[in-house]
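# A closer look at the structure
Each chain is listed here by its residues.
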Amino acid sequence: MPYLDELRERLRLEAGDVIMEDWYDDLVEYLKNIEKSGAVDYAGYIHSHLIPDKDAFYNLGIVNLRLKQVYSVYGYFSYIKTGSMLIHNIQTDVVNAEEVNAKRGNFSEDLRLQGKRVLKDEDPVHIASFYDYAKSQIEQAVRDALLNLGIPVKPKILGYQVDYYAPAMADVFSPNLIVQDSGRIRVKIIGDADFYSYLKHKPSGVPTEILGLLNAGNPLTKDSWYEFDFTVVKDDEINVKVAPTVTITVIIYNIPEA
């Protein structure tokens, strides 16, 4: 049986060529080969391997024109992205999914949840790997217990600047300071010249930053300490600004309250 490229050459006509009976025979043979002997026939049946001529180049369907169902015995994928997945048997290098439902899972090297490695039987436990997190959780539990009992909790320093040259209306702290405990913050500040002091407050979950003057809008006198308390909740963001440009020392405390 002649190959398609041979038939294609025999079917090629130049100006003035006379069409003979064998030309029609070749045409019928060519069409039959396309319909019956190709990898996929006109009815959609596959008769051979489907092999792309370039690696990782072609798509099977697009976002808005998808295949409804795919039936296959085996599937080998480098990446899988899906909203949910029901797994019987799958082999792949990487699976990215919002939800995976499976009866069993065998992980030969590593398994992580929310970025943390899952411990297996006989795994060595390194206290240093979770010490900081555990310490912060215990400290928070102690603070909450003291507050619930009405026992004052020691204020903590959120941030400070000493002899800091503060340009007018620029943030003193970069980035904003994050409130660790609901209650109050205390701004303790002194400058080497008369100045105005501002508090920038971004409540947790609110996209807007609110800027307001301290000391009821009155200037702060040079070389004098001032303290201002301000109600906050956990995860609020705060910062300080001054005007005009002045050298300041400022300490921001977080005072927890029940």
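Here the structure is a predicted model, which is why all the values come from computation and not from measurement. (Residues numbered from 1 in each chain as written. Predicted model: local features only at pLDDT ≥ 70, side-chain atom pairs only at ≥ 80, totals over all residues. Heavy atoms only, no water.)

Before going further, it helps to examine the sheet that holds strand β9 (residues 210-213). Pairing is antiparallel across the open sheet formed by 4 strands, whose spatial order is β6-β11-β8-β9. What marks the edges here is a single partner per strand, and that holds for β6 (177-178) and β9. Bridge count between strand β8 (residues 196-202) and strand β11 (residues 237-243): 7 bridges; the pairing is antiparallel. Bridged to H201 within β11 is I238. (Pairing = 2+ DSSP bridges. Helix = DSSP H or I, 4+ residues; strand = E, 2+ residues; numbered from the N terminus.)

What follows concerns the pattern of salt bridges. On inspection of all chains with the given rule, the structure shows 7 salt bridges. D171 is the partner of K241 in a salt bridge, and the nearest nitrogen-oxygen pair spans 2.8 Å. Linking K241 in strand β11 with D171 in the loop between β5 (156-166) and β6, this pair joins segments that are 70 residues apart in sequence. D171 gets classed as partly exposed once you look at its relative accessible area, which sits at 30%. The partner of K200 in a salt bridge is E209, with the nearest N and O atoms 3.6 Å apart. K200 gets classed as buried once you look at its relative accessible area, which sits at 8%. Taking relative accessible area as the criterion, E209 reaches 40% and is therefore assigned partly exposed. Because the salt bridges share partners, they merge into one network encompassing D171, K200, E209 and K241. (Salt bridge = Lys/Arg side-chain N within 4 Å of Asp/Glu carboxyl O. Buried < 20%, exposed > 50% of the residue type's maximum accessible area, 1.4 Å probe, protein only.)

A few words on the nonpolar core. Counting residues in each nonpolar core, the largest one holds 23 residues, and the members touching the most others are I185, V187, I189, I248 and I252. When residues of this core are traced back to their parent elements, those giving at least two are β5, β7 (183-191), β10 (226-232), β11 and β12 (246-256). Those residues in contact with I248 that sit more than four places away from it in its chain are Q161, V162, D163, Y164, A166, V172, I189, I190, G191, F195 and V242. (Core = buried A, V, L, I, M, F, W, Y, C linked by side-chain atoms within 4.5 Å. Contact = heavy atoms within 4.5 Å.)

This part takes up the environment of Y253. Tracing the sequence through the fold places Y253 in strand β12. C-alpha separation for the pair Y253 and V179, spaced 74 residues apart in sequence, amounts to 9.3 Å.

Time to look at the sheet that holds β7. Here 4 strands make up an open sheet; going across it, the order is β5-β12-β7-β10 and the pairing antiparallel. Because the sheet does not close on itself, it has two edges, and the strands there are β5 and β10. Each neighbouring strand pair of the sheet contributes to a mean axis angle of 15°, computed without reference to strand direction. Where β5 meets β12, 8 bridges bridge the pair, whose relative direction is antiparallel. Bridge pairing links I157 to Y253 in β12. (Axes fitted to C-alpha atoms, helices over the stretch in contact; angles between N-to-C directions.)

A cluster of nonpolar side chains, L4, L31 and I34, forms an exposed patch at the surface whose accessible area comes to about 240 Å². With respect to the secondary-structure elements, I34 resides in helix α2 (residues 21-36). Here I34 falls in the partly exposed class, since its relative accessible area comes to 40%. (Patch = residues over 30% accessible without salt bridge, like charges linked within 9 Å, V, L, I, M, F, W, Y side chains within 5 Å. Areas by Shrake-Rupley, 256 points an atom, 1.4 Å probe, with all protein chains shown as cover.)

Let's shift gears to the packing of aromatic side chains. For the structure on display, the rule yields 2 aromatic pairs. Ring centres 5.0 Å apart and planes at 90° place the aromatic pair F57 and Y58 in the edge-to-face group. Classification of F57 by relative accessible area gives exposed; the value is 53%. For Y58, a relative accessible area of 47% corresponds to the partly exposed category. Ring geometry for Y226 versus F228: centroids 6.2 Å apart, planes at 5°, classification stacked. Here the two residues Y226 and F228 agree in accessibility, since each one is buried. The cationic tip of K54 hangs over the ring face of F57; the distance from NZ or CZ to the ring centre is 4.5 Å. Between K188 and the ring centre of W225, over which it is positioned, the NZ or CZ distance is 5.4 Å. (Phe/Tyr/Trp six-rings, centres within 6.5 Å; stacked < 30°, edge-to-face > 60°. Lys NZ or Arg CZ within 6 Å of the ring centre and 35° of its normal.)

Let us now look at the pairing of β12. A regular strand places its side chains so that they alternate between the two faces of the sheet. Most of β12 is tucked away, with 9 of its 11 residues classed as buried. Relative to β12, β7 runs antiparallel, the two sharing 9 bridges. Residue G191 lies in a different strand from β12, and its bridge partner there is I248.

Turning next to unusual backbone geometry. Following S174, the chain continues into P175 via a peptide bond in cis, with omega recorded as 0°. Relative to the assigned elements, P175 resides in the loop between β5 and β6. Of the consecutive residues A243 and P244, the connecting peptide bond is found in the cis state with omega at -5°. Position of P244 relative to the elements: it lies in the loop between β11 and β12. The backbone phi angle of D235 is positive, close to 75°, even though this residue is not glycine. By secondary structure assignment, the location of D235 is in the loop between β10 and β11. Since its relative accessible area comes to 41%, D235 is described here as partly exposed.

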